[in-house]
Amino acid sequence: MNNLPPVVTSGQIALIVVLTVVAAALAVFVALLFVGLVRKRRFAEASEIEYLTMSSDRKFLYRLKRGLYRLPDATFALFSVHIPNLAKKFRKAVCGIARTIKDAAVHGDWKTRCSFAIMGFSYLARKRIARGLLFLALEVFYILYMAIFGGFQLMKFFTMTEGNVHGIQEVEVNGVWTYVQGDNTQLILIYGTLTLIFTVAFLYGWYKNIKAAYMAQELEEAHRHIPNAKEDIYNLVDAQYHKTLLAVPLIGLMVFTIFPIIFMIFLAFTNYDSQHLPTTEPLFTWIGGKNFADIFTNGIGASSTQFGRVFGQLLLWTVIWAIFATFSNYILGMLVAIIINKKGIRLKKLWRTVLVMTIAVPQFVSLLLMSQMFSDYGFINSLFGTRIYFLTAHTVLPKVMVILINIWVGIPHTMLMVSGILMNIPADLYESAKIDGAGPVKQYMKITLPYILHVTTPSLITSFIGNLNNFGVIYLLTKGGPAMSAPYSGSAGETDLLITWLYKLVFQDNSYAMASVVSIFMFLLTSAVSLVAYNRSKAVKNEEDFM
Amino acid sequence: MKKHLRSKKAVERGTNAVIYVILVIISVIWIFPFVYLLFQSLSGDNTGTMDYFIPQKWTFDNYIHLFRGEGVEFDGDVVSTANIQFLSWYGRTFLIAVIVTVIQTLIVLVTSYALSRLRFKMRKPLMNLMLILGMFPGFMSMTALYFLLQLVGLTEDFGMFGLILVYTGSSCMGYYICKGFFDTIPKSLDEAARIDGANRQQVFFKVILPLSKPIIIYTILNAFMGPWGDYMFASLLVTQPANQTVAVGMLKMLDVGHTGTYADAFPRFCAAGVCVSIPITILFFILQRYYVEGITGGSVKG
């Protein structure tokens, strides 16, 4: 890092621009907050009729003004109402759990109290053997697991380096030297995470056991029937049917989504990279929040220098890409759908079928084909006898090409969707508009467009988020290339999105830890975008519901 | 008055002509790559620069080589293409796709029914949880899953099962569109069945499912197409050519040097592309109606 020339790179400029924009937005926000606090003037709300009679630009201004006026209140509401509300809900839930346990301990009979130590005892004692045995089996399994395996793993998990010898070592056993497999921090991390999850699951099961034990006791005291095994099973297809249905999906969710996320969050606090591997000295270990600081500075060891610069640059490009990719597809797809569905155009089905081909042919085939056609010595260059580096030039060209090809991929999807909607617009709307003397342009502006916009907003949001994480298009077209120019030495390329960069960080640079940090930042980005968009679209809907 | 009408008609005809021109241009742009794919797969030019859109020499050799996976002649030498085991990739991907389709469709239907029709305490929190989980980059879970599956031994030789697990594992998060469809089925039907003595399971199987043909087909189609196009997971879990899926194998075919020369590789890649596209395209066009219904019915009602 010391030998880098002290020049301001485009990445740094990008980072500065982003930070400046954020800072400016914050400043405006604080200023507005301040103004709102000092001048407690109320906003003159327009009545509904007044609002409806405004012209569209006045409406926009009015909404903007009202939004600005409401901003301070909304902000304070966030801190004074919404967050305390959440906290209250959380406290209530915790208190509820605590109260159940306390009740069972204080008012429980000996059968219920025994359930604290021997899970399912209450049921066994009340002759509901099946349920009791299930709870007991859970406890036995957990204790055995912890005793034989889990406890040890958990201990190692917190210390990470203690326990066995590091790496593969020779050890003398009974006078014979043998090789012993050393610690594997990656396994420690996995087993530790799994053990933690098991423990949480066990605690939940224990709580359920106490709740159920106490409920059985209450039923008995009230001389009511405690459901037996047969009734329990029938309940599973009726009153408790959701448990049957969701059991498998939720186990899948647990193993294949929640476990990996927890694991990666842990990973972000370690120094797992090409210099610190799981089985060879030095092993990777906990390093606290250092990685999060590194992402904003340029210094990180390992292979990727200038981490902050690259992160800033790719973040900017990811956002630009998502905006262009989403809206170009949306607008152009809508236009294509509208001209295909225009009255008087023949062979509608043919045009549609032609476009739908792109959806039907697997995307990786068409994208790889495109990448070959536009390659340096590819068909397009041969055809015109040119040598344009469509996908490898160090200019803006590869980025433009990627967006253009994405349009080719994306238009048919929008077209299909919008065609479906166009057919669903009630015909009487157009008829009454015609009677009122509206021409085709006016009909389009006042009926077609608002209708489509209204109905497709949710899918616009999802496609925006999908584009933030669009691995396929970028990786198959350019593999993220061209490589970034010196002095950067890592694997990131100029058209890399954060997601493709992650892929390279893991498989080319082996910077697992930094990859998880980037993942967490990506999560923050996507969730922020979707939360804002989601809330806004809801607000729009409530304000001017179409029809 | 008459003149005005006629001019209006002329304008109309003019715009239509413009639209037809645009549509033809669009069609050419959209169809062109596929025709190119087909032609290249039948090309015996062996030039490597692919200058000709229409091949100078037509041949089926590319397909034959692809299926036999045998050596091809290049500069007088026989270059081994043992690394191309297209039939095995194809069969494996097809099998994965079929199994994934069955499991994923079941999981999606079941989750959607539970979230749409049943009312339980954890319903809302669960839906919020899935919304939030969906915002984590799918990639983030990938490394962790790789470690986990490696531990259990479901990579490489058994990578197929690992892939099936990965593809179906979190498929319940795709409940959104299907639930949207179920929401549109009138609740009174359920109630009527309940009054007649049906339990919730019977309502699901005998009332809701028979009414959900479009969305079931939509789900099946999506689930089936997924594994064909996945590169990320497939390249991660399986690295040996013998166990690969079509997507990974085809991308590797294009690496110059992997299979001899580029001049051989590209036409064969095209042939492989045609082989992969044909069944899916046929399936897609047969079921297209349902696909459109699925998109418009489930996804866009907000």
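Asks: Help me understand the overall build of chain A, please; the structure alone is not making it clear to me.
Replies: The helix and strand tally for chain A stands at 20 helices and two strands. Residues counted as buried form 43% of the 547 residues belonging to chain A. Taking contacts inside chain A between residues at least 6 apart in sequence as the whole, the part at least 24 apart equals 64%. Total accessible area computed for chain A in this model is approximately 28700 Å², and 69% of it derives from carbon and sulfur atoms.

Asks: Just to check I follow, could you spell out the overall build of chain B for this structure?
Replies: Across its full length, chain B holds 14 helices and two strands. When each of the 302 residues of chain B is scored for burial, the buried share is 55%. Entry remark: accessible area of chain B is about 13800 Å², with carbon and sulfur atoms responsible for 65%.

Asks: Is there a simple way to explain the environment of Tyr-36 of chain B in this structure?
Replies: Examined against the element boundaries, Tyr-36 of chain B turns out to sit in helix α1 (residues 2-41). Through-space distance from the C-alpha of Tyr-36 of chain B to that of Phe-53 of chain B is 6.5 Å; in sequence the pair is 17 residues apart.

Asks: Would you take a moment to explain unusual backbone geometry for this structure?
Replies: Leaving glycine out, the prevailing phi sign among residues is negative, and the prevailing peptide bond configuration is trans. All names here are of chain A. At Lys-127, a residue that is not glycine, the phi angle is positive and equals roughly 60°. Looking at the secondary structure, you find Lys-127 in the loop between α5 (121-125) and α6 (129-159). Lys-127 gets classed as exposed once you look at its relative accessible area, which sits at 67%. Even without a glycine there, the phi angle at His-223 is positive, about 55°. The topology assignment puts His-223 in the loop between α7 (185-221) and α8 (229-235).

Asks: What should I look at first to understand the interface of chain B and chain A in this one?
Replies: Accessible area lost during the coming together of the parts is what is often quoted as the interface size. At the junction of the two partners, chain B supplies 92 residues and chain A supplies 90 residues. When the two sides are added together, the surface that chain B and chain A hide from each other amounts to roughly 8200 Å², 80% of it contributed by carbon and sulfur. Sorting the residues of chain B by area buried against chain A places Trp-30, Met-135 and Phe-147 of chain B first, and these three jointly supply 10% of that buried surface. At the junction of chain B and chain A, the tally comes to two salt bridges. Between Asp-238 of chain A and Arg-194 of chain B there is a salt bridge, with the nearest N and O atoms lying 2.7 Å from each other. Counting across the interface, chain B meets chain A through twelve residue pairs in polar contact (both at pLDDT 80 or more). Broken down by element, the side of chain B that touches chain A gets its largest block of residues, 18 residues, from α1 of chain B. For the side of chain B that touches chain A, a count of residues per class yields 67 nonpolar, 20 polar and five charged.

Asks: What is the right way to read the nonpolar core from this model?
Replies: What tends to happen in soluble globular proteins is that the nonpolar side chains get buried as a cluster. Residue and element names in this part refer to chain A. Counting 201 residues, the largest nonpolar core has Trp-321 and Trp-501 as its most contacted members. Considering every element that reaches this core, the biggest residue donor is helix α11 (residues 307-340), with 15 residues. Counting twelve residues, the second-largest nonpolar core is a separate cluster that includes Tyr-123, Phe-135, Met-146 and Ala-212.

Asks: What is the right way to read helix α17 (residues 440-468) of chain A from this model?
Replies: In an α-helix, one full turn covers 3.6 residues, which means residues spaced three or four apart are oriented alike. Compared with an ideal rise of 1.5 Å per residue, which puts 29 residues at 42 Å, α17 of chain A spans 37 Å between its outermost C-alpha atoms and falls more than 12% short. If you look at α17 of chain A, its biggest bend is around 55°, right at Thr-456 of chain A, and the proline Pro-458 of chain A turns up within four residues after that.

Asks: Can you walk me through the packing of aromatic side chains in this structure?
Replies: The geometry of an aromatic ring pair comes down to the distance between the two centres and the angle between the two planes. The tally for this structure, following the rule as stated, stands at 42 aromatic pairs over all chains. Seen from their ring centres, Tyr-145 of chain A and Phe-198 of chain A are 5.2 Å apart, and the 90° between their planes marks the pair as edge-to-face. A residue pair is termed long-range when its members are at least 10 positions apart, and Tyr-145 of chain A in helix α6 and Phe-198 of chain A in helix α7 qualify at 53 residues. In this structure Tyr-145 of chain A comes out as buried when scored by relative accessible area, which is 14%. Given a relative accessible area of 34%, Phe-198 of chain A falls into the partly exposed group. Ring geometry for Phe-94 of chain B and Phe-224 of chain B: centres 6.0 Å apart, planes at 80°, overall edge-to-face. Here Phe-94 of chain B, found in helix α3 (residues 86-117), pairs with Phe-224 of chain B, found in helix α10 (residues 213-229); they are 130 residues apart in sequence, far enough to count as distant. Given the relative accessible area of 42%, Phe-94 of chain B is considered partly exposed. A relative accessible area of 11% places Phe-224 of chain B in the buried class. The lysine or arginine in question, Lys-399 of chain A, covers the ring of Trp-317 of chain A, its NZ or CZ lying 5.1 Å from the ring centre.

Asks: Got a minute to help me understand the packing of α7 of chain A against helix α5 (residues 138-152) of chain B in this structure?
Replies: A pair of packed helices is captured by two measures, namely the crossing angle of their axes and the spacing between those axes. For the pair α7 of chain A and α5 of chain B, interaxial distance at closest approach is 11 Å and the crossing angle is 95°. With respect to each other, α7 of chain A and α5 of chain B are oriented roughly perpendicular. Contact with α7 of chain A, carried on its side by Gln-186, Leu-187, Ile-190, Tyr-191 and Leu-194 of chain A, involves Phe-147, Leu-148, Gln-150 and Leu-151 of chain B of α5 of chain B and no other residues of that element.

Asks: For this particular structure, what's the right way to read the side chain of Gln-217 of chain A?
Replies: Residues and elements named next belong to chain A. Its place among the elements puts Gln-217 in helix α7. Overall, the relative accessible area of 2% leaves Gln-217 in the buried class. Separated by 3.2 Å, the side chain of Gln-217 and the backbone nitrogen of Asp-109 make a polar contact.

Asks: Even after reading the chapter, I still don't get the pattern of salt bridges, so can you show me in this structure?
Replies: Opposite charge on two side chains makes pairing possible when the charged atoms of those side chains draw close. Enumeration according to the criterion identifies eight salt bridges over all chains in this entry. Residues Asp-238 of chain A and Arg-200 of chain B are paired through a salt bridge, measuring 3.9 Å at the closest nitrogen-oxygen approach. With Asp-238 of chain A in the loop between α8 and α9 (241-267) and Arg-200 of chain B in helix α9 (residues 200-211), the pair connects residues from two separate chains. Residue Asp-190 of chain B pairs with Arg-117 of chain B through a salt bridge whose shortest N-O separation is 2.7 Å. Of this pair, Asp-190 of chain B sits in helix α8 (residues 187-195) while Arg-117 of chain B sits in helix α3, and the two are 73 residues apart along the sequence.

Asks: Got a minute to help me understand helix α4 (residues 110-117) of chain A in this structure?
Replies: All names here are of chain A. Those residues of α4 that sit buried are Lys-111, Thr-112 and Ser-115. For α4, the angular spread of buried residues about the axis comes to 100°, placing them on one side. Exposed residues on α4 whose side chains face more than 90 degrees from its buried face are Trp-110 and Ala-117.

Asks: Is there a simple way to explain a nonpolar patch on the surface in this structure?
Replies: Together, Ile-323, Phe-327, Ile-331, Leu-332 and Leu-335 of chain A line one region of the surface with nonpolar side chains, adding up to about 400 Å² of accessible area. One can find Ile-323 of chain A in helix α11.

Asks: Where do I start with the environment of Leu-287 of chain B in this structure?
Replies: Residues and elements named next belong to chain B. Note that Leu-287 resides in the loop between α13 (262-286) and α14 (288-299). Taking the C-alpha atoms as reference, Leu-287 lies 8.2 Å from Tyr-218; in sequence the two are 69 residues apart. Apart from the residues within four sequence positions on either side, Leu-287 is in contact with Ile-217 and Leu-221.

Quick notes on the rules
- Residues numbered from 1 in each chain as written.
- Chains lettered and ligands numbered in written order.
- Predicted model: local features only at pLDDT ≥ 70, side-chain atom pairs only at ≥ 80, totals over all residues.
- Heavy atoms only, no water.
- Helix = DSSP H or I, 4+ residues; strand = E, 2+ residues; numbered from the N terminus.
- Buried < 20%, exposed > 50% of the residue type's maximum accessible area, 1.4 Å probe, protein only.
- Contact = heavy atoms within 4.5 Å.
- Areas by Shrake-Rupley, 256 points an atom, 1.4 Å probe, with all protein chains shown as cover.
- Buried area = accessible area lost by both parts, 1.4 Å probe.
- Salt bridge = Lys/Arg side-chain N within 4 Å of Asp/Glu carboxyl O.
- Polar contact = N/O pair within 3.5 Å; in protein donor to acceptor, adjacent residues only side chain to side chain.
- Nonpolar A, V, L, I, M, F, W, Y, C, P; charged D, E, K, R; others polar.
- Core = buried A, V, L, I, M, F, W, Y, C linked by side-chain atoms within 4.5 Å.
- Expected span 1.5 Å × (residues − 1).
- Bend = angle between axes of the 7 residues up to and from the residue.
- Phe/Tyr/Trp six-rings, centres within 6.5 Å; stacked < 30°, edge-to-face > 60°.
- Lys NZ or Arg CZ within 6 Å of the ring centre and 35° of its normal.
- Axes fitted to C-alpha atoms, helices over the stretch in contact; angles between N-to-C directions.
- Parallel < 35°, antiparallel > 145°, perpendicular 65-115°, else oblique.
- Arc of directions from axis to C-beta.
- Patch = residues over 30% accessible without salt bridge, like charges linked within 9 Å, V, L, I, M, F, W, Y side chains within 5 Å.

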